[in-house]
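Listed below, chain by chain, are the residues.
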Amino acid sequence: MKILKILKILFQLLLCTLIASSCKDGERLYKKSTILMDTVVTITVSSESKENAESAIDSAFERIKEIEGLINFWSPRSEVSALNSAAGREKVKVSPVTLDMVEKALYISRKTEGGFDATIGPIIRLYDFKKKTKPSDSSIKEKLTLIGFRNVFTDKNKSTVYLGKKGMSFDTGGIAKGYAADVAVEVLKRKGIKGGIVAVSGDIKTFGLKPDGLPWLVGIKNPRPKSKDDEIMATIELQDSAISTSGDYERFFMENGRRYHHIIDPMTGIPASGCQSVSVISKEGALSDGFSTGIFVMGPERGMRLLRELGFDGIIIDTEGKIYVTEGIKDKVNWHKKP
Ligand code: ADP
Ligand code: MG
């Protein structure tokens, strides 16, 4: 956290430099980064005016900050923390944003048959990937009794959420960044921006076109790069859609040859073992984000079946490095280097 704070200050100093490049018919690219949601958020827009671009990007950052205040699992003042403290006790009235995000999380949970389950909170708190701490079997067993999205109850009319068991805890980590990309794009569009790309770490959403009239290009990370040159394994053109990647290389530590990473199988409480990386493309950042996490847990076969059923595109790399690509994007992926 301390490092992030320092980074934050450095970034805020750098923020003054709005990068502009590429020009056609007056449209240019403007790009700005900041630290929000404990990660780097970069927004790039196509605009005819530096002032409009900057003001739209700043408004989008502001909105993400507001959303973060509501849904941050780690902040004791967020609405999600209020939900968690009231678990097993009472319903909590929440803002439309929190309710919407919770409902989307529940939808993803149902579709992934519990592969995605935001009630994973009590188990997540047992791991510390920086300190390389993993829980004992008995503490996992104890906390597993608290996991279950079917114990989350929402009331749309009253805008309330209730976690049915004391000790339950709703972790937004698997969906919040994609959700933030969605709200940022809404703000940019409302501010008159015709094309842009919002990247909340690996959760990316694009809309419209680049100044050169072509779709935005998004890189997909190689889960097992052997050198600096093969960090990006592929690029893909994206138009009005979102892509999220969940990987076992983002936050992990190795112990006795085993990789302990941050995507947990809600059935067992231990890191999911079928995949190295899952990228999901859909119209909504929240869905791409949640489904990439959930499909990672489901594994390649069930995951591919679900992608087809949902009509989403995606790329799955299994533990052996075998690559699965949905039909819809087979010709659209530009492979730099297959892992
Ligand atoms: P990242 O945060 O690296 O973008 P993901 O979107 O896959 O990666 O989210 C991983 C985060 O989601 C974890 O840090 C944790 O907070 C939460 N999480 C882990 N396992 C699950 C799961 N099975 N279902 C829902 N959320 C999960
Ligand atoms: Mg995710």
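Shown above is the structure to which this text applies.
How each quantity is defined
Residue indices follow the written sequence of each chain, beginning from 1 at its first position. All chains are assigned letters beginning with A, and all ligands numbers beginning with 1, in the order in which they are written. Side-chain atom pairs in this predicted model are given and counted only at pLDDT of 80 or more, local residue features only at pLDDT of at least 70, and totals for whole chains, interfaces and linings cover all residues. To get the side-chain values, all heavy atoms of the structure are used, and hydrogens and water are removed first. Relative accessibility decides the category of a residue: with a 1.4 Å probe and only protein chains considered, values under 20% of the type maximum give buried, values over 50% give exposed, and everything between is partly exposed. The helix count covers DSSP runs of H or I at least four residues long, the strand count covers runs of E at least two residues long, and both are numbered beginning at the N terminus. Criterion used throughout: strands pair if DSSP finds at least two bridges between them. Counted as coordinating are nitrogen, oxygen and sulfur atoms within 2.8 Å of the metal, or 3.2 Å for Na, K and Ca, while water is not included, which may make sites look incomplete. Put simply, a nonpolar core is a bunch of buried Ala, Val, Leu, Ile, Met, Phe, Trp, Tyr and Cys residues held in one set by side-chain atoms that sit within 4.5 Å of each other. Think of each axis as a best-fit line through the C-alpha atoms, taken over the contacting stretch in the case of a helix, with angles from 0 to 180 degrees between the N-to-C directions. Crossing handedness is defined as follows: a turn of the near helix away from the far one that is anticlockwise and smaller than a right angle gives a left-handed crossing, while the clockwise case is right-handed. Residues are treated as being in contact if the distance between any of their heavy atoms lies within 4.5 Å. Each residue gets one label: Ala, Val, Leu, Ile, Met, Phe, Trp, Tyr, Cys and Pro are nonpolar, Asp, Glu, Lys and Arg are charged, and the others, such as Gly, are polar. Near is defined per residue: the residue qualifies when any heavy atom it owns lies within 4 Å of the molecule or strand. Between N or O atoms, a polar contact is any pair within 3.5 Å; within protein, one atom must be a potential hydrogen donor and the other a potential acceptor, and residues adjacent in sequence are included only when both atoms are from side chains. Only the protein chains shown count as cover for residues, with accessible areas throughout obtained via the Shrake-Rupley method and a probe of 1.4 Å. Counted as positive: Lys and Arg. Counted as negative: Asp and Glu. His and the chain ends are not counted at all. Salt-bridge detection follows one rule: a side-chain nitrogen of Lys or Arg within 4 Å of a carboxyl oxygen of Asp or Glu. Think of a 1 Å grid over the protein atoms and nothing else: a 1.4 Å probe that fits but is trapped marks a cavity, an open set flanked by protein within 12 Å on at least five of seven lines marks a pocket, and residues with an atom within 4 Å of a point count as lining. Grid points are joined across faces, edges and corners, and a volume is the space filled by probe spheres set on the points.

Peer 1: What's the story with the pairing of strand S8 (residues 203-207) in this structure? I'm lost.
Peer 2: Moving residue by residue along a regular strand, the side chains alternate between the two faces of the sheet. The element S8 is extensively covered by neighbouring structure, given that five of its five residues are classed as buried. Here S8 shows a buried face lined by Asp203, Lys205 and Phe207 and a second buried face lined by Ile204 and Thr206. In this sheet, S8 lies alongside strand S7 (residues 195-200) in antiparallel orientation, the contact comprising five bridges. Bridge pairing in S8 places Ile197 opposite Thr206. Hairpin connection of S7 to S8: two residues between the antiparallel strands, including Ser201 at a positive phi of 55°. With three bridges connecting them, S8 and strand S11 (residues 242-247) associate as antiparallel partners. When the sheet's bridge partners are listed, Asp203 is paired in S11 with Ser244.

Peer 1: In this structure, what is going on with the coordination of the magnesium ion (ligand 2)? I would like to understand it.
Peer 2: Reference geometry at the metal: tetrahedral coordination by four donors gives ideal angles of 109.5 degrees; octahedral coordination by six donors gives 90 or 180 degrees. Those donors, Gly174 (O), Asp289 (O), Asp289 (OD) and Thr293 (OG1), are the protein atoms that reach the magnesium ion (ligand 2), and they lie 2.0 to 2.8 Å from it. Motif for the magnesium ion (ligand 2), donor spacing along one chain: G-x114-D-x3-T. Of this pair, Gly174 sits in the loop between strand S6 (160-163) and helix H7 (176-190) while Thr293 sits in helix H8 (residues 285-298), and the two are 119 residues apart along the sequence. The residues Gly174 and Thr293 share a single accessibility class, namely buried.

Peer 1: Where do I start with the nonpolar core in this structure?
Peer 2: The nonpolar side chains of a soluble globular protein tend to be buried with one another. In terms of nonpolar packing, the biggest core is built from 69 residues, with Ile43, Leu188, Phe291 and Ile295 touching the most fellow members. Of the residues forming this core, the biggest block, nine residues, is contributed by H7. Within the second largest apolar cluster, 18 residues are counted, among which are Leu29, Ala234, Ile315 and Ile317.

Peer 1: What is the right way to read the pairing of S7 from this model?
Peer 2: Taking burial as the measure, the six residues of S7 include six buried ones, the bulk of the element. In S7, alternate side chains face the same way, and those of Gly195, Ile197 and Ala199 on one face and Gly196, Val198 and Val200 on the other are all buried. By the bridge criterion, six bridges tie strand S3 (residues 39-47) to S7 in an arrangement that is antiparallel. In the strand pairing of S7, Thr42 is matched with Ala199.

Peer 1: Just checking my understanding: could you explain the packing of helix H2 (residues 50-71) against H7 for this structure?
Peer 2: The angle between the axes and the distance between the axes are what describe a pair of packed helices. Closest axis-to-axis distance for the H2/H7 pair is 9 Å, and the angle between their directions is 145°. As H2 packs across H7, the resulting crossing turns out to be right-handed. From H2, Ala56, Ile57, Ser59, Ala60, Arg63, Ile64, Ile67 and Ile71 reach across to H7, where they touch Ala176, Tyr179, Ala180, Val183, Ala184, Val187 and Leu188. Residues of the contact of H2 with H7, tallied by class, amount to 13 nonpolar, one polar and one charged.

Peer 1: Help me out: how do you make sense of the site of ligand 1 in this one?
Peer 2: Lining the immediate surroundings of ligand 1 are 20 residues, of which Asp171, Ser246, His262, Ile264 and Thr293 lie closest. In the model, an oxygen atom of ligand 1 is placed 2.8 Å from a nitrogen or oxygen of the His262 side chain. Against a free-state accessible area of 560 Å², the protein chains account for coverage of 96% of ligand 1. The element best represented in the shell around ligand 1 is H8, accounting for three residues.

Peer 1: In this structure, what is going on with the side chain of Asp289? I would like to understand it.
Peer 2: Looking at the secondary structure, you find Asp289 in helix H8. For the buried Asp289, which has no salt bridge, the nearest side chain bearing the opposite charge is Lys177, at an N-O separation of 6.1 Å. Residues in contact with Asp289, not counting those within four places in the same chain, are Gly174, Ile175, Ala176, Lys177, Gly178, Asp203, Ser244 and Ser246.

Peer 1: Quick question: what am I supposed to make of the layout of surface pockets here?
Peer 2: Any space left empty among the atoms is revealed by the rolling of a water-sized probe across them. Looking at the second largest pocket, its volume works out to about 280 Å³. Contributing elements (two or more residues each) for the lining of the second largest pocket: strand S10 (232-238) and strand S14 (275-282). Among the residues forming the lining of the second largest pocket, the class breakdown is six nonpolar, four polar and four charged.

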